[in-house]
Amino acid sequence: MNRLTDLKIRNFSAPTEQMLSDGFGLYLKVRPNSTIKAWIYRFTQNGKTQKMQIGTYPHVGLAEARALARELDKEHKSGLNPITERNRRKEEAQQKALEAASKKTVQELFNLWAKIDISTHKDGGVSVYRIFKKDVLPAIGCLRVEDVTKGHVIAVVDAVLARGARRMAKVVLALARQMFRFAVDRDILTVD
């Protein structure tokens, strides 16, 4: 078998799409008039040929593509489907990211919300910062976002009402709802 080289890859062009083999199921897919060349790992599972893209040249170099193909080939020879395994690993990573995000405290959530949403307000978010610093964060700022209940938020609002600030209590509740909806939109929480 004539293995690929960096020089051959850089200089290769074809009038039609071609797949250049390198071994261990590694192929380089070359399209006509394209500077991007795709690395493909090809294998047979249950009598069907399957392909999965593992990168593009030159972003993934020849040595890295070979290493990836060898790993995928080992995985395949052990009886696993590399495509299924890649999807499973991706789902696990997403689940871990979701779990890590749900461990954020209300203070961390507020900081993220302030950085992304609040800072765009006309006043730069000064009034929201003031309200949260005075009423919300001292009461629930140290709680994990996932542990906050409706009762916690009501206790914050009731404390504002106890000062006789009825309008401010409504503002605090509305802002808390906005922040928790932001958390749901960012998959930090599953429900508001």
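Just so it is clear, the structure is predicted and the values come from calculations on it, not from any experiment.

A.B. asks: I'd love a proper account of the overall build of the protein chain, names of residues and values included.
C.D. replies: Counting its regular elements, the protein chain contains seven helices and four strands. Taken from the N to the C terminus, the helices and strands of the protein chain come in the order α-β-β-β-β-α-α-α-α-α-α. With the principal axes as the frame, the protein chain shows a C-alpha extent of 85 × 40 × 25 Å. Going through the 192 residues of the protein chain one by one, you find that 36% of them count as buried. Counted over contacts in the protein chain with a minimum sequence separation of 6, partners at least 24 positions apart contribute 46%. If you sum the accessible surface of the protein chain, you get close to 12000 Å²; carbon and sulfur atoms cover 52% of it. Of the side chains in the protein chain, 34 bear a positive and 21 a negative charge, and the two mean positions are spaced by 4 Å.

A.B. asks: An account of the packing of aromatic side chains is requested, with residue identities and associated values reported.
C.D. replies: Here the distance between the centres and the angle between the planes together describe a pair of aromatic rings. Here the structure, examined in full by the defined rule, presents six aromatic pairs. Summarising the aromatic geometry, the rings of Phe110 and Trp113 are spaced 6.0 Å apart at their centres and angled 65° between planes, so their arrangement reads as edge-to-face. Taken together, the residues span about one helical turn, with Phe110 and Trp113 both in helix 4 (residues 106-116) at a distance of three residues. Joined through ring pairs, the aromatic side chains of Phe110, Trp113, Tyr129 and Phe132 make up one cluster. Looking at Arg42, its charged tip hangs above the ring of Tyr27, at a distance of 4.4 Å from the centre.

A.B. asks: Residues and numbers for the packing of helix 5 (residues 126-140) against helix 7 (residues 166-185), please.
C.D. replies: Running from N to C, helix 5 and helix 7 point in directions that differ by 100°, and their axes come no closer than 11 Å. As far as their axial angle goes, helix 7 and helix 5 are roughly perpendicular. Packed against helix 5, whose contacting residues are Val128, Ile131, Phe132, Asp135 and Val136, the element helix 7 presents Met168, Val171, Val172, Leu175, Ala176 and Met179 at the interface.

A.B. asks: Please provide a residue-by-residue account of the nonpolar core, values included.
C.D. replies: Counting 28 residues, the largest nonpolar core has Leu109, Phe110, Trp113, Phe132, Met179 and Phe180 as the members making the most contacts within it. Looking at this core, the elements that each hand over two or more residues are helix 4, helix 5, helix 6 (150-162) and helix 7. Examining the composition of this core, we find that eight residues originate from one element, helix 7, more than from any other. Membership of the second largest hydrophobic core comes to 17 residues, among which are Leu4, Val30, Met52 and Ala65.

A.B. asks: Explain the pattern of salt bridges to me, and be specific about the residues and the numbers.
C.D. replies: Note that side chains of opposite charge can pair when their charged atoms are close. The full count for this structure, using the stated rule, is eleven salt bridges. Residue Arg88 pairs with Glu85 through a salt bridge whose shortest N-O separation is 2.8 Å. In this pair, Arg88 and Glu85 are both assigned in helix 3 (residues 82-102), three residues apart and thus about one turn of the helix distant. On the basis of relative accessibility, which here comes to 36%, the residue Arg88 falls in the partly exposed class. The partner of Asp147 in a salt bridge is Arg144, with the nearest N and O atoms 3.7 Å apart.

A.B. asks: Outline the sheet that holds strand 4 (residues 48-57), listing residues and values.
C.D. replies: If you walk across this open sheet you meet the four strands as 1-2-3-4, and the pairing is antiparallel. This sheet does not close on itself; its edge strands, each paired only once, are strand 1 (18-23) and strand 4. With strand direction ignored, the average angle separating the axes of adjacent strands in the sheet is 30°. In this structure, strand 3 (residues 37-45) lies alongside strand 4, joined through nine bridges in antiparallel fashion. Bridge assignment links Arg42 to a residue of strand 4, and that residue is Lys51. Its contacts with the sheet place helix 2 (residues 62-77) against strand 1, strand 2 (26-30), strand 3 and strand 4, and it is angled at close to 15° to strand 3.

A.B. asks: Provide a residue-level description of unusual backbone geometry, including the pertinent values.
C.D. replies: That bond from Tyr57 to Pro58 is cis: its omega, 15°, falls within 30 degrees of zero. By the secondary structure assignment, Pro58 is in the loop between strand 4 and helix 2. Within the chain, Phe24 stands out as a residue other than glycine whose phi angle is a positive 55°. Position of Phe24 relative to the elements: it lies in the loop between strand 1 and strand 2. Notably, Asn46 is not glycine yet its phi reads approximately 55°, a positive angle.

Here is what the cut-offs are and how they apply
- Residues numbered from 1 in each chain as written.
- Predicted model: local features only at pLDDT ≥ 70, side-chain atom pairs only at ≥ 80, totals over all residues.
- Heavy atoms only, no water.
- Helix = DSSP H or I, 4+ residues; strand = E, 2+ residues; numbered from the N terminus.
- Buried < 20%, exposed > 50% of the residue type's maximum accessible area, 1.4 Å probe, protein only.
- Contact = heavy atoms within 4.5 Å.
- Areas by Shrake-Rupley, 256 points an atom, 1.4 Å probe, with all protein chains shown as cover.
- Lys, Arg positive; Asp, Glu negative; His and termini not counted.
- Charge placed at Lys NZ, Arg CZ, Asp CG, Glu CD.
- Phe/Tyr/Trp six-rings, centres within 6.5 Å; stacked < 30°, edge-to-face > 60°.
- Lys NZ or Arg CZ within 6 Å of the ring centre and 35° of its normal.
- Axes fitted to C-alpha atoms, helices over the stretch in contact; angles between N-to-C directions.
- Parallel < 35°, antiparallel > 145°, perpendicular 65-115°, else oblique.
- Core = buried A, V, L, I, M, F, W, Y, C linked by side-chain atoms within 4.5 Å.
- Salt bridge = Lys/Arg side-chain N within 4 Å of Asp/Glu carboxyl O.
- Pairing = 2+ DSSP bridges.

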